[in-house]
Amino acid sequence: MALRRRWIRNYIIRIIVVSIIVGVFLKVGKSICFALHPVWMSGDLMYDILNYVDDHSFQFGVFFVIVIVFISTLLELSKISKVIGQIMDGVDIIYSGSSEEINLPKGFDEIEVGLRKIQVDTRENEQAAAEAISRKNDMIMYMAHDLKTPLTSIIGYLSLINEEKDISEKTKNKYVGIALKKALRLEELINSFFDMARFNFTHMMLEKSTVNMSMMLTQISFEFEPLFNEKNLSCSLDIQDNVMVNCDTEKMERVYDNLFKNIANYSYPETEISVHLEKYGDQGMRLSTVNHGKTIPPEMLEHVFDQFFRIDSSRNSESGGSGLGLAVTKEIVELHDGTISCRSENEKIEFEIIIP
């Protein structure tokens, strides 16, 4: 809009200025002619022409204005045609993925800046898409391996129980316990595959209601005690009373489930987890958690909420997830018009969730 207004304004100003110049030139030219040749004889061609022009000055003025408008329009159309060609060249540069710089004539700076931004965004999006596909393919390969590992163990221990008829009850219970542990791990991985399908092919919808988040968070923290106890983690709760939040209860349970699993996986053994909850506005909340673990490097910190991203590159199949937990958590939080962030320094990891 601004470019169009500026172009129209400049076009009109140019016509007016040129028209004034032509008008002045005609008047001055006539005066000069009479000054240089003060005496004219009847029948002189120049005298007749000058008198004719003077008698029909209005008609000549209109004629010259029309000519000026016509010529200015042709020049502007030629300029616009040239710019359109350069814009198309810029689009081709963007489409081809080239890093060649896009340049347009002076006066079309806004379009040039816009095309350059699209060029940069396109390269970044292509790179991000390629990285996401690579992470996804790697994760599918890793998960196929992870699925096979517990399944092999389950089959092995159940085969021992089935084949060894004289096995002691103590040994049998031990084998059953190991098989159950592996089966639970297998279930977790299968659920991750379902998460992957839901995350990629459906859009989550919210069914909001008002819930006492203080009670809900306290209950969920209690349910995670067995997981925390596996690494002798203690959980310190600082929860404000009666924090009422308008949210999708089931989805928020999923947020806490993913968040606490991530905290448990990446916390040092025998350390403390701090959980703080307070009101945020009328029906909102601010949740922050702090746990002690390996400092997340800045280059990884900006990717912790990406799909299929895992901080632990060692592929510990006992604790590693699908790399979707925090990505799904972020989507749920943002569907509530909220924000989630992560900070890490001095072997501390802090998550903050705000639901307005």
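For the structure itself, look to the data block above.
Residues numbered from 1 in each chain as written. Predicted model: local features only at pLDDT ≥ 70, side-chain atom pairs only at ≥ 80, totals over all residues. Heavy atoms only, no water.

### Considering the environment of I161
So, point 1. Within the secondary structure layout, I161 lies in helix 4 (residues 109–163).
So, point 2. I161 sits in the buried class, given a relative accessible area of 19%.
So, point 3. Those residues in contact with I161, other than ones at most four positions away along the chain, are K172, Y175 and V176. (Helix = DSSP H or I, 4+ residues; strand = E, 2+ residues; numbered from the N terminus. Buried < 20%, exposed > 50% of the residue type's maximum accessible area, 1.4 Å probe, protein only. Contact = heavy atoms within 4.5 Å.)

### Thoughts on the packing of aromatic side chains
So, point 1. Applying the stated criterion across every chain yields a total of six aromatic pairs.
So, point 2. On the basis of an interplanar angle of 65° and a centroid distance of 5.4 Å, the ring pair of F224 and F260 is categorised as edge-to-face. With F224 in the loop between helix 6 (213–223) and helix 7 (225–229) and F260 in helix 8 (residues 249–265), this residue pair connects regions lying 36 residues apart in the sequence. The residues F224 and F260 share a single accessibility class, namely buried.
So, point 3. Taken together, the ring pairs connect F224, F228, Y256 and F260 into an aromatic cluster. (Phe/Tyr/Trp six-rings, centres within 6.5 Å; stacked < 30°, edge-to-face > 60°.)

### Concerning the side chain of S288
So, point 1. Within the fold, S288 resides in strand 5 (residues 285–292).
So, point 2. Owing to a relative accessible area of 8%, S288 belongs among the buried residues under this scheme.

### Remarks on the sheet that holds strand 7 (residues 348–355)
So, point 1. Taken in spatial order, the five strands line up as 2-4-5-7-6 in an open sheet, and their pairing is mixed. Single-partner strands in this sheet number two, and they are strand 2 (234–239) and strand 6 (339–345). Sheet twist, expressed as the mean angle between neighbouring strand axes with direction ignored, is 10°.
So, point 2. The strands touched by helix 8 are strand 4 (272–279), strand 5 and strand 7; relative to strand 5, the strand with the most contacts, the crossing angle is about 15°. (Pairing = 2+ DSSP bridges. Axes fitted to C-alpha atoms, helices over the stretch in contact; angles between N-to-C directions.)

### Some remarks on the nonpolar core
So, point 1. Formed by 38 residues in total, the largest nonpolar core has its most connected members in M213, M252, Y256, F260, M285, L287 and I353.
So, point 2. Of all the secondary structure elements, the ones that give two or more residues to this core are helix 6, strand 3 (244–247), helix 8, strand 4, strand 5, helix 10 (325–335), strand 6 and strand 7.
So, point 3. At seven residues, helix 8 tops the list of elements feeding residues into this core.
So, point 4. For I353, the residues in contact, after removing those within four places along its chain, are V255, L259, M285, R286, L287, V333, T339 and I340.
So, point 5. Residues V83, I87, L104 and F108 belong to the second largest nonpolar core, which totals eight residues. (Core = buried A, V, L, I, M, F, W, Y, C linked by side-chain atoms within 4.5 Å.)

### Describing unusual backbone geometry
So, point 1. The backbone phi angle of N242 is positive, close to 50°, even though this residue is not glycine.
So, point 2. Within the secondary structure layout, N242 lies in the loop between strand 2 and strand 3.
So, point 3. By relative accessible area, N242 is classed as partly exposed at 48%.
So, point 4. Positive phi values are uncommon outside glycine, yet E270 reaches one of about 60°.
So, point 5. Mapping E270 onto the fold places it in the loop between helix 8 and strand 4.
So, point 6. A relative accessible area of 62% places E270 in the exposed class.

### Some thoughts on helix 6
So, point 1. Considered for burial, the residues of helix 6 that qualify are M213, S214, M216, L217, I220 and S221. Buried residues of helix 6, seen end-on, are gathered within an arc of 165° and therefore sit on one face of the element. In helix 6, the exposed residues that point more than 90 degrees away from the buried face are M215 and F222. (Arc of directions from axis to C-beta.)

### Comments concerning the environment of I20
So, point 1. Turning to its location among the elements, I20 is positioned in helix 1 (residues 2–36).
So, point 2. Judged by its relative accessible area of 51%, I20 falls in the exposed class.
So, point 3. Each C-alpha atom of the pair I20 and V65 lies 9.4 Å from the other, and the pair is 45 residues apart in sequence.

### A short note on the environment of E225
So, point 1. For E225, the location among the structural elements is in helix 7.
So, point 2. Through-space distance from the C-alpha of E225 to that of C235 is 8.1 Å; in sequence the pair is 10 residues apart.

### Notes on the pattern of salt bridges
So, point 1. The final tally for this structure, using the stated rule, is nine salt bridges.
So, point 2. Among the salt bridges present, the one from D121 reaches K117, with a minimum N-O distance of 2.9 Å. Within this pair, D121 and its partner K117 are both found in helix 4, separated by four residues, close to a single helical turn.
So, point 3. Given a relative accessible area of 53%, K117 falls into the exposed group. (Salt bridge = Lys/Arg side-chain N within 4 Å of Asp/Glu carboxyl O.)

### Remarks on a negative patch on the surface
So, point 1. Taken together, the side chains of E207, E223, E250 and E253 define an acidic patch exposed on the protein surface.
So, point 2. Tracing the backbone through its elements, the reader meets E207 in the loop between helix 5 (169–201) and strand 1 (209–212).
So, point 3. Since its relative accessible area comes to 65%, E207 is described here as exposed. (Patch = residues over 30% accessible without salt bridge, like charges linked within 9 Å, V, L, I, M, F, W, Y side chains within 5 Å. Areas by Shrake-Rupley, 256 points an atom, 1.4 Å probe, with all protein chains shown as cover. Lys, Arg positive; Asp, Glu negative; His and termini not counted. Charge placed at Lys NZ, Arg CZ, Asp CG, Glu CD.)

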